[in-house]
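Structural characterization, general
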Amino acid sequence: MYLFIIITVLIATIGTAMISYFINTQQIDNFCKTITINNAQNFVSLINPEYMQALKDMATSEEYQLLRNTAEETDDEAMVEAYLREHDMWDGYVNSRKQLMTYLNNMENVKYLYIVVCGDIICTDSQRIR
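Attention here is on the structure that accompanies the text.

**Description of the overall build of the chain**
- In terms of regular secondary structure, the chain is built from 5 helices and 2 strands.
- Reading the secondary structure of the chain in the N-to-C direction produces α-α-α-α-α-β-β.
- Taking the contacts inside the chain whose residues are at least 6 apart along the sequence as the reference set, 61% of them involve residues at least 24 apart.
- Per element, the accessible surface of the chain, about 10,200 Å² overall, is 58% carbon and sulfur.

**Here we look at the pattern of salt bridges**
- Tallied over the entire structure, the rule returns 4 salt bridges.
- Linking K33 and D29 is a salt bridge whose minimum nitrogen-to-oxygen distance equals 3.3 Å. Of the two residues, K33 and D29 both sit in helix 1 (residues 2-44), 4 residues apart, roughly one turn of that helix.
- Overlapping salt bridges bring together R68, E72 and E77 as one network.

**Points about unusual backbone geometry**
- One non-glycine residue, D75, lies in positive phi territory at about 55°.
- Inspection of the secondary structure assignment puts D75 in the loop between helix 3 (62-74) and helix 4 (78-86).
- Positive phi outside glycine occurs at D88, with the angle close to 55°.
- Positionally, D88 belongs in the loop between helix 4 and helix 5 (90-105).

**So, helix 4**
- Every buried residue belonging to helix 4 is among V80, Y83 and L84, and all of these are buried. Down the axis of helix 4, the buried set is contained in an arc of 95°. They therefore lie on one face.
- Close packing links the buried residues of helix 4 with helix 2 (49-59), helix 3 and helix 5.

**Quick look at the nonpolar core**
- Counting 10 residues, the largest nonpolar core consists of Y51, M58, Y64, L67, A71, V80, Y83, L84, M89 and W90.
- Among the secondary structure elements, those contributing two or more residues to this core are helix 2, helix 3 and helix 4.
- Contacts of W90, omitting those with residues within four sequence positions, involve E81, L84 and R85.

**Focus on helix 5**
- Between its first and last C-alpha atoms helix 5 spans 22 Å; for 16 residues at 1.5 Å apiece the expected length is 22 Å, and the two agree.
- Those residues of helix 5 not exposed but buried are W90, G92, S96, Y103 and L104. End-on view of helix 5: buried residues confined to an arc of 160°, all on one side of the axis. Turned more than 90 degrees off the buried face of helix 5, the exposed positions are D91, K98 and N105.
- Its buried side turned inward, helix 5 meets helix 1, helix 2 and helix 4.

**Considerations on the side chain of S96**
- Residue position: S96 is located in helix 5.
- Those residues in contact with S96, other than ones at most four positions away along the chain, are F43, Y51 and M52.

What counts and what doesn't
- Chains are numbered independently. Their residues run from 1 in the order of the written sequence.
- Local features are withheld for residues below a pLDDT of 70 in this predicted model, meaning they are given only at 70 or higher, and side-chain atom pairs are given and counted only at 80 or more; totals for whole chains, interfaces and linings count all residues.
- To obtain the side-chain values, all non-hydrogen atoms of the structure were used and water was disregarded.
- Put simply, DSSP marks the helices as runs of H or I at least four residues long and the strands as runs of E at least two long, and each gets a number from the N terminus on.
- Note on contacts: a residue pair qualifies if any of its non-hydrogen atoms lie within 4.5 Å across the two residues.
- Calculation of accessible area relied on Shrake-Rupley with a 1.4 Å probe; when residues are assessed, cover is drawn exclusively from the protein chains displayed.
- A side-chain nitrogen of Lys or Arg and a carboxyl oxygen of Asp or Glu constitute a salt bridge if their distance falls within 4 Å.
- Between buried and exposed lies partly exposed: a residue is buried under 20% and exposed over 50% of the maximum accessible area for its type, with that area taken using a 1.4 Å probe on protein chains only.
- Directions drawn from the helix axis to the C-beta atoms are what define this arc.
- Residues belong to a common nonpolar core when they are buried Ala, Val, Leu, Ile, Met, Phe, Trp, Tyr or Cys residues joined through side-chain atoms within 4.5 Å.
- What a helix should span is 1.5 Å times the count of its residues minus one.

Structure representation (structure tokens):
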């Protein structure tokens, strides 16, 4: 009789602990995702979407891709800087990078923040591209 009561209590306790664990891990996961989305949306609100669109258009051009490959092969990043300066994109690039670094330096435990341009709109890192 005592053994039956002890086993029943143990099974109920273990079951409750497992249910509690799964509920809490799901809540923590959702909380982390929400924080990530909010961080990305906050940074996106600070940047210039027109500049990011122009930078995306430039970065996806065949001319830039060839230049980028050459710069990587020769280990000469000055080529990319000169190209951006030639197209009046360098100052915006430096300002955007400075904003990103300032934002990241003020965030604890955040290593990376991605901005993804989806077609004509800027999406946060956590939005899914459809």
